[in-house]
Amino acid sequence: QLQLVESGGGLVQPGGSLRLSCAASGFSLDDYSIGWFRQTPGKEREGLSCISYSGVTTNYADSVKGRFTVSRDNAKNTVYLQMDALKPEDTAVYYCAATWSYHLCVGYVDNRGGPLSGFDHWGQGTQVTVSS
């Protein structure tokens, strides 16, 4: 059973930065592509970014492109989401999820939704609050 744990969330002022981590427990992440998502109460879950198993290929939603950067360190079984120039609209619970299919993740992000059944493992989420 693969378990993912997000960390690094917190309170930050507009324009500030945070780095989120997604760490695997019990199994290696190097066989999986990882997606980052966020959700606010009353809104649909939003796909933000995907990174392939090797870390060579990435993609981003228009809402975060140019501000967020995804990376991974497979030796540490950890994926990161660097968030810069944060806005109040970025306030949400942030999740990471693992999938065998990078194509599935990209499709979800680019199409602004779709089936999530291909994401077999999810973290518990970490709260990010952007407020002045």
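Residues numbered from 1 in each chain as written. Predicted model: local features only at pLDDT ≥ 70, side-chain atom pairs only at ≥ 80, totals over all residues. Heavy atoms only, no water.

**Concerning the nonpolar core**
Here is the rule we go by: In these notes, a set of buried Ala, Val, Leu, Ile, Met, Phe, Trp, Tyr and Cys residues joined through side-chain atoms within 4.5 Å is what counts as a nonpolar core. The buried label applies to any residue whose accessible area, calculated with a 1.4 Å probe on protein chains only, is under 20% of its type's maximum; exposed applies above 50%, and partly exposed to all values in between. Note on conventions: DSSP H or I runs of at least 4 residues are helices, E runs of at least 2 residues are strands, and numbering of each starts at the N terminus.
Counting 37 residues, the largest nonpolar core has Trp 36, Met 83 and Tyr 94 as its most contacted members. Of all the elements in the fold, those that place two or more residues in this core are β3 (18-25), β4 (33-39), β5 (46-51), β7 (68-73), β8 (78-83), β9 (92-99), α1 (102-110) and β11 (126-130).

**Section: the pattern of salt bridges**
Threshold: What counts as a salt bridge is simple: a side-chain nitrogen of Lys or Arg found within 4 Å of a carboxyl oxygen of Asp or Glu.
With the rule as written, the count across this model stands at 4 salt bridges. Its salt-bridge partner being Glu 46, residue Arg 38 comes within 2.9 Å of it at the nearest N-O pair. A relative accessible area of 27% places Glu 46 in the partly exposed class. For the salt bridge of Arg 38 with Asp 90, the shortest nitrogen-to-oxygen distance reads 2.8 Å. Separated by 52 residues along the polypeptide, Arg 38 in strand β4 and Asp 90 in the loop between β8 and β9 bring together distant segments of the chain. The exposure class of Asp 90 is buried, given its relative accessible area of 2%. Bridged by salt links that share partners, the residues Arg 38, Glu 46, Arg 67 and Asp 90 form one connected network.

**Considering the environment of Asp 120**
Take Asp 120: it is sitting in strand β10 (residues 119-122). Owing to a relative accessible area of 47%, Asp 120 belongs among the partly exposed residues under this scheme. In this structure the C-alpha to C-alpha distance between Asp 120 and Leu 2, which are 118 residues apart in sequence, comes to 8.8 Å.

**Thoughts on the state of the cysteines**
Here is the rule: Any cysteine sulfur atom paired with another within 2.5 Å is treated as part of a disulfide.
Following the criterion strictly, the structure yields 2 disulfides and no others. At a sulfur-sulfur separation of 2.0 Å, the disulfide partner of Cys 22 is Cys 96. With the S-S dihedral at roughly 80°, the linkage between Cys 22 and Cys 96 falls on the right-handed side. Note that Cys 22 is positioned in strand β3 and Cys 96 in strand β9, a separation of 74 residues in sequence.

**Here we look at the environment of Gly 10**
Definition in use: Whether two residues are in contact is decided by their heavy atoms, any of which lying within 4.5 Å being enough.
With respect to the helices and strands, the residue Gly 10 is situated in strand β2 (residues 10-12). Residue classification places Gly 10 among the partly exposed positions, given a relative accessible area of 25%. Sequence separation between Gly 10 and Leu 20 is 10 residues, and the spatial gap between their C-alpha atoms is 9.7 Å. Those residues within four positions of Gly 10 in sequence are excluded, and the remaining contacts are Leu 18, Gln 127, Val 128 and Thr 129.

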